[in-house]
Amino acid sequence: MSAQRMLFFTVAALLGSGIGLSGWNQVHWLLYLPAAMLVFAGLTGICPGLILFKKIGFK
């Protein structure tokens, strides 16, 4: 496992713990999207956020 994938998992775990501590019913559904994208990126190595920002024009 690469350091980049481990970083994705760590950030997803921090987001998930923040959601859990705030209450699963209290947070907006939009907060689940970055956590899910980071878990997906950690499992597959394909980061949807990075692809999106590259298509927008960032390098």
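Computed from a predicted model, the values in this text were never measured in an experiment. (Residues numbered from 1 in each chain as written. Predicted model: local features only at pLDDT ≥ 70, side-chain atom pairs only at ≥ 80, totals over all residues. Heavy atoms only, no water.)

Caption draft 1: View of the nonpolar core. Counting 5 residues, the largest nonpolar core is built from Phe8, Ala12, Leu38, Ala41 and Cys47. Among the secondary structure elements, those contributing two or more residues to this core are helix H1 (3-22) and helix H2 (32-44). Apart from residues lying up to four places away in sequence, phenylalanine 8 is in contact with Leu38, Ala41, Gly42 and Cys47. (Core = buried A, V, L, I, M, F, W, Y, C linked by side-chain atoms within 4.5 Å. Buried < 20%, exposed > 50% of the residue type's maximum accessible area, 1.4 Å probe, protein only. Helix = DSSP H or I, 4+ residues; strand = E, 2+ residues; numbered from the N terminus. Contact = heavy atoms within 4.5 Å.)

Caption draft 2: Molecular detail of the packing of aromatic side chains. Using the criterion set out here, one finds 2 aromatic pairs in the structure. Ring centres of tryptophan 24 and tyrosine 32 lie 6.3 Å apart, and the angle between their planes is 10 degrees; on these two criteria the pair is classed as stacked. Since its relative accessible area comes to 54%, tryptophan 24 is described here as exposed. Overall, the relative accessible area of 29% leaves tyrosine 32 in the partly exposed class. Ring geometry for phenylalanine 53 against phenylalanine 58: centres 6.0 Å apart, planes inclined by 85 degrees, an arrangement best described as edge-to-face. A residue is classified by how much of its surface remains accessible, and phenylalanine 58, at 54% relative accessible area, is exposed. (Phe/Tyr/Trp six-rings, centres within 6.5 Å; stacked < 30°, edge-to-face > 60°.)

Caption draft 3: Representation of the environment of alanine 13. Mapped onto the secondary structure, alanine 13 falls in helix H1. Through-space distance from the C-alpha of alanine 13 to that of cysteine 47 is 16 Å; in sequence the pair is 34 residues apart.

Caption draft 4: Representation of a nonpolar patch on the surface in the model. Side chains of Leu52, Phe53, Ile56 and Phe58 sit close together on the surface and give an oily, nonpolar patch of about 450 Å² of accessible area. In this structure, leucine 52 sits in helix H3 (residues 48-56). Of the residues examined, leucine 52 reaches a relative accessible area of 49% and is grouped as partly exposed. (Patch = residues over 30% accessible without salt bridge, like charges linked within 9 Å, V, L, I, M, F, W, Y side chains within 5 Å. Areas by Shrake-Rupley, 256 points an atom, 1.4 Å probe, with all protein chains shown as cover. Salt bridge = Lys/Arg side-chain N within 4 Å of Asp/Glu carboxyl O.)

Caption draft 5: Examining the environment of leucine 14 more closely. Here leucine 14 shows up in helix H1. Residue classification places leucine 14 among the exposed positions, given a relative accessible area of 58%. Leucine 14 sits 40 residues away from lysine 54 along the chain, and the two C-alpha atoms are 25 Å apart.

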